[in-house]
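A structural walkthrough
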Amino acid sequence: MKYCRFQTPSGPQYGEVVDRAGALWIERLLPPFEEDPWTHLGTGAFEAVPFLNAKLLAPVVPRKIVCIGRNYREHAAELGNEIPKEPLVFLKAPSSVIAPGEAIRIPPQSQRVDFEGELAVVIGKRATKIGPDENVRPYIRGYTIVNDVTARDLQKPDGQWWRAKGFDTFCPMGPLVTDEVDPGTGLALETRLNGELKQHGVTSDFIFDIATLLRHITAAMTLLPGDVIPTGTPSGVAPMQPGDRVEVSVEGIGVLSNPVDGYGK
Ligand code: MG
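For clarity, every value in this text was computed on a predicted model and none was experimentally measured. (Residues numbered from 1 in each chain as written. Predicted model: local features only at pLDDT ≥ 70, side-chain atom pairs only at ≥ 80, totals over all residues. Heavy atoms only, no water.)

Side note on the environment of V177
Basically, it comes down to this: Each helix corresponds to a stretch of at least 4 residues labelled H or I by DSSP, and each strand to a stretch of at least 2 residues labelled E; elements are numbered beginning at the N terminus. With a 1.4 Å probe rolled over the protein chains alone, any residue whose accessible area is under 20% of its type maximum counts as buried; one over 50% counts as exposed, and the rest are partly exposed. Note on contacts: a residue pair is in contact if any heavy atoms of the two residues lie within 4.5 Å.
Residue placement: V177 occurs in strand β14 (residues 171-178). V177 gets classed as buried once you look at its relative accessible area, which sits at 1%. Considered as a pair, V177 and G44 are 133 residues apart in the sequence and their alpha carbons are 25 Å apart. Residues within four places of V177 in sequence aside, it is in contact with M1, K2, Y3, P59, V60, V122, G142, Y143 and T144.

Observations concerning the coordination of the magnesium ion
Rules: As a rule, N, O and S atoms within 2.8 Å of a metal are its donors, except that Na, K and Ca use 3.2 Å; water is not among the atoms, so sites may look incomplete.
Note on the magnesium ion: its protein donors are E116 (OE), E118 (OE) and D148 (OD). The metal-donor distances range over 2.0 to 2.1 Å. As a motif over one chain, the donors of the magnesium ion read E-x1-E-x29-D. Of this pair, E116 sits in the loop between β10 (113-114) and β11 (117-123) while D148 sits in the loop between β12 (140-147) and β13 (150-151), placing them 32 residues apart in sequence. An identical accessibility class is assigned to E116 and D148; each is buried.

Overview of the domain arrangement of the protein chain
Put simply, the rule is: Residue ranges for the domains originate in an automatic or database domain assignment. Accessible surface is computed with a 1.4 Å probe, and the buried area is the amount of it that two parts give up when combined, taken over both parts together. Salt bridges are defined as contacts in which a side-chain nitrogen from Lys or Arg sits within 4 Å of a carboxyl oxygen from Asp or Glu. For the purposes of these results, a polar contact is taken to be a pair of N or O atoms within 3.5 Å, where, inside protein, one atom must be able to donate a hydrogen and its partner to accept one; residues adjacent in sequence count only when each atom of the pair is a side-chain atom. Ten residue types, Ala, Val, Leu, Ile, Met, Phe, Trp, Tyr, Cys and Pro, are classed as nonpolar, four, Asp, Glu, Lys and Arg, as charged, and the remainder, Gly among them, as polar.
Under the domain assignment, the protein chain is made up of domain 1 (2-57) and domain 2 (65-261). Taking the mean C-alpha position of each, domain 1 and domain 2 sit 24 Å from one another. Here domain 1 and domain 2 share an interface that buries about 960 Å² over both sides, 57% of which is from carbon and sulfur atoms. Taken as a group, K2, Y3 and E35 account for 56% of the area that domain 1 buries against domain 2, more than any other trio of residues on that side. There are two salt bridges connecting domain 1 and domain 2. Between K2 and E180 there is a salt bridge whose closest N-O contact spans 2.8 Å. Linking domain 1 to domain 2 there are four residue pairs in polar contact (both at pLDDT 80 or more). Tallied by class, residues from the side of domain 1 that touches domain 2 come to eight nonpolar, no polar and three charged.

What to know about the pairing of strand β18 (residues 245-250)
Worth spelling out the cut-off: Pairing between strands requires that DSSP locate at least two bridges from one strand to the other.
With five bridges joining them, strand β15 (residues 188-193) and β18 adopt antiparallel strand pairing. Bridge pairing in β18 places L193 opposite V246. The turn joining β18 and strand β19 (residues 254-261), which pair antiparallel and follow one another in sequence, is formed by three residues; a positive phi near 85° is taken by G252.

As for the sheet that holds β15
One open sheet accounts for five strands, arranged β9-β19-β18-β15-β16; its pairing is mixed. Each having just a single partner strand, β9 (104-105) and β16 (196-202) make up the two edges of the open sheet. Relative to β16, β15 runs antiparallel, the two sharing six bridges. Looking at β16, one finds that T191 is bridged to Q199.

What about the nonpolar core?
We count it as follows: Nonpolar cores are built from buried Ala, Val, Leu, Ile, Met, Phe, Trp, Tyr and Cys residues. Side-chain atoms within 4.5 Å join them into one set.
Counting residues in each nonpolar core, the largest one holds 39 residues, and the members touching the most others are L214 and I229. Looking at which element gives the most residues to this core, the answer is helix α3 (residues 210-218), with five residues. Excluding its chain neighbours within four sequence positions, the residues that come into contact with I229 are V66, I68, L119, A120, V121, I123, L214, I217 and L223.

Observations concerning the side chain of K64
In this fold, K64 is placed in the loop between β5 (56-57) and β6 (65-69). By relative accessible area, K64 is classed as buried at 16%. Of note is the side chain of K64, whose polar atom sits 2.7 Å from the backbone oxygen of T222. Discounting chain neighbours no more than four positions away, the residues touching K64 are P94, M221, T222, L223, L224, D227 and V228.

Printed below as a string of structure tokens:
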């Protein structure tokens, strides 16, 4: 199933997204997920809405965002880093999440803010210490797209990445969540800046696959429904400027498109 979260006159709602003759529609309302007390199930008749016309919100309200760094060989190389021997994991602030179409804002503290297009896992079921032979699939609600926006010039000086990865607006997410894709089969991931192709990767090129990542994370930290795990970015990261538009696409999920802006004068 595919689902999205969108704004309606009575507040945010979840909706099932279906393909009708090649066009996506929000067909019916869904009950809210346990991690999201701010969204309610609408009452009364619901008339289907074309997905393209909906005012989309981020499809998940995560309690935490656990990111993977350097999970594609070429991206590790382009930043001059070694291929990691175990997953590189860091946290990104849930307050940095923005909707499809919402502006990424370049903060005055940084002179270099990069896009990082990523496939993201959405957790569906509480997961603690997943066993070595245990199937991870029952813990996964589905997959979405995240732009792991990064203030590159603050990563080293700050040491901790609280600002580099955590500025407000640094986590565009969406446009929907789907369980109808299998990243292990190799989904194409592309990032375009003002229409120009900048990143091209395939999700079967991960250094650490999703099962390995979930075992590694849950050995230390319980994952809760709605937690989001961006799985790392391929090579081709580059800076953005106010006035740009950045689009991340993943085969079978869709396109996450956001404009870039400053904070005004
Ligand atoms: Mg990243």
